[in-house]
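What follows is each chain in one-letter form.
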Amino acid sequence: MAKSAAQTKSAEHKTKETPPNVAVHGAATLTGVTVDAFNAQLRDEDGFVGDRARRAAFFEIFDRWRDLGDRKLSVLGDTPTAELSKTVIDDALANGKPHEQAIIHSAIEEYANELFAVLRRLLRSKEWRDTQRVVIGGGLKAGRFAEIAVARTELLARAEGIDIELRPIRHEPDEAGLIGAAHLAPSWMFASFDNILAIDIGGTNIRCGIVRLNLDKAEDLSKARVRSFELWRHGDEEPSREEAVATLVGMLEKLIAQAKKDDLHLAPFIGVGCPGSIAGDGTIENGAQNLPGNWQSSRFNLPSALWEAIPSIAGNETTVVMHNDAVVQGLSEVPFMQDVEHWGVLTIGTGLGNARYTNRKRSTGKDRSGGGKMSDAKD
């Protein structure tokens, strides 16, 4: 990917200027919700509890059950577990031989127990008390087998007397973290614009996209969609932090050029979802260990680095707002959570992201972030 002159700047924050203080990074109070907790680092004697339910944990469990089988598998064949696609696993679950289906069901059952153990730990904490619904996002969500594991986890919770509803996040994994960024934008941003830039940073991938808000179809952002996006699998290349930021800027510049070519009214706003505990000044306090390089350095500030590289969009000064990636992914569900008060999100990926929200009361006017009053959205 070609790099512009702006991309050659160091990611270290050395500028004499700082971005305008339009919004607080990692804020607890957003327009639609209060973020009660996020990035909970649950531990036991074996380490982080959340690691037991990360994406890789399912495939480790699945591989162990496959090793117990001694029969020829009609769909899975001899393909190594790490190379199996979600589509192939779903096909084996639906059309495989009974022995093959039993292996997958066994993996689902064991994984569901691990996911329930994590969920139970969260629900026992003060911040997660009285949670009514939890959405499950992340890369694992795309498989039917994963949806069954989520449903099984809900049944395990109810068997223990925990009244909780679990549901897969409704947007595609590549899009939920981008759409959620729209809920970080300040209210005035929607007066003249219907498209924003969004970034979703993960331990393996970085996504940048243009999110079309579609406020003419739904004022509550329930019709927001990803118009286009760029995907970079940085986990395959092991770049330095500076190289990662430079490539990220290049992806944004490509999208900005595309928006200009397509005559889009692109807001001067970049919403960012990033792993870790995000401080109010945009630094990352902890939880970014899976990202390339040291993103937790006190001298590194991603929002400032992005603002330096892209100080304006279509002649307007750029605003960059960053929050935890699980928080942002969960925010994509805000329009569909108006029938409950307390809800949360678990994102199953390189790690297990988590966030818990309380819905805020809505004004009845059209001055809210997102363009108007919140209404109950239908599927």
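In short, a report on the structure. These figures come from a predicted structure and were not determined experimentally.

1. What to know about the layout of surface pockets
And step 1. Approximately 960 Å³ is the volume attributed to the largest pocket.
And step 2. As for the largest pocket, its lining consists of 42 residues, and the residues nearest its centre are Asp325, Ile348, Gly349, Thr350 and Gly351.
And step 3. Breaking the lining of the largest pocket down by element, the ones donating at least two residues are α3 (98–123), α5 (173–179), β6 (195–201), α8 (325–331), β15 (342–348) and β16 (352–359).
And step 4. Tallied by class, the residues present in the lining of the largest pocket amount to 13 nonpolar, 21 polar and eight charged.

2. Remarks on the environment of leucine 197
And step 1. For leucine 197, the position within the fold is in strand β6.
And step 2. Leucine 197 sits in the buried class, given a relative accessible area of 0%.
And step 3. The spatial distance from the C-alpha of leucine 197 to the C-alpha of phenylalanine 229 is 9.5 Å, given a sequence separation of 32 residues.
And step 4. Excluding residues that lie within four positions of it along the chain, leucine 197 makes contacts with Gly209, Ile210, Leu252, Leu255, Ile256, Leu266, Phe269, Ile270, Gly271 and Ile313.

3. Some remarks on the sheet that holds strand β5 (residues 165–168)
And step 1. As summarised here, the arrangement of the five strands in space is β1-β16-β15-β4-β5, forming an open sheet in which the pairing is mixed. Every interior strand has two partners, whereas the edge strands, β1 (33–38) and β5, have only one. Here the strands of the sheet are splayed against their neighbours by 25° on average, with no regard to which way each runs.
And step 2. The pairing of strand β4 (residues 133–137) with β15 spans five bridges and is parallel. In the sheet register, valine 134 faces β15, and the bridge partner there is glycine 344.
And step 3. This element, α3, spans β4, β5, β15 and β16 of the sheet and lies at about 135° to β15.
And step 4. Against the sheet, helix α4 (residues 144–159) makes contact with β4 and β5, and its axis sits at roughly 175° relative to β5, the strand it touches most.

4. Overview of the packing of aromatic side chains
And step 1. Enumeration over the complete set of coordinates arrives at six aromatic pairs.
And step 2. With a centroid separation of 5.4 Å and 90° between ring planes, the pair formed by phenylalanine 58 and phenylalanine 59 is classed as edge-to-face.
And step 3. Among the residues examined, phenylalanine 59 registers a relative accessible area of 18% and is labelled buried.
And step 4. Ring geometry for phenylalanine 58 against phenylalanine 62: centres 6.0 Å apart, planes inclined by 35°, an arrangement best described as tilted. With phenylalanine 58 and phenylalanine 62 both in helix α1 (residues 55–68) and four residues apart, this pair spans about one turn of that helix.
And step 5. Phenylalanine 58 gets classed as buried once you look at its relative accessible area, which sits at 1%.
And step 6. Given the relative accessible area of 0%, phenylalanine 62 is considered buried.
And step 7. Put simply, the rings of Phe58, Phe59, Phe62, Tyr111 and Phe145 touch in pairs and so form one group of aromatic residues.

5. What to know about the sheet that holds strand β9 (residues 266–274)
And step 1. Read across the open sheet, the five strands follow the order β8-β7-β6-β9-β14; overall the sheet is mixed. Each edge of the open sheet is held by one strand with a lone partner, namely β8 (225–232) and β14 (319–324). Put simply, the sheet's adjacent strands are angled 20° from each other on average, direction ignored.
And step 2. Bridging between β6 and β9 involves five bridges; their strand directions are parallel. For leucine 197, the partnering residue across the bridge sits in β9 and is isoleucine 270.
And step 3. In this fold helix α6 (residues 241–261) packs onto β6, β7 (206–212), β8 and β9, with an angle of close to 145° to the strand it touches most, β8.
And step 4. The strands touched by helix α7 (residues 302–309) are β6, β9 and β14; relative to β14, the strand with the most contacts, the crossing angle is about 155°.

Rules and cut-offs
Residues numbered from 1 in each chain as written. Predicted model: local features only at pLDDT ≥ 70, side-chain atom pairs only at ≥ 80, totals over all residues. Heavy atoms only, no water. 1 Å grid on protein atoms, 1.4 Å probe; cavity = no way out; pocket = protein on both sides within 12 Å on 5 of 7 lines; lining within 4 Å. Points joined across faces, edges and corners; volume = space filled by probe spheres on them. Helix = DSSP H or I, 4+ residues; strand = E, 2+ residues; numbered from the N terminus. Nonpolar A, V, L, I, M, F, W, Y, C, P; charged D, E, K, R; others polar. Buried < 20%, exposed > 50% of the residue type's maximum accessible area, 1.4 Å probe, protein only. Contact = heavy atoms within 4.5 Å. Pairing = 2+ DSSP bridges. Axes fitted to C-alpha atoms, helices over the stretch in contact; angles between N-to-C directions. Phe/Tyr/Trp six-rings, centres within 6.5 Å; stacked < 30°, edge-to-face > 60°.

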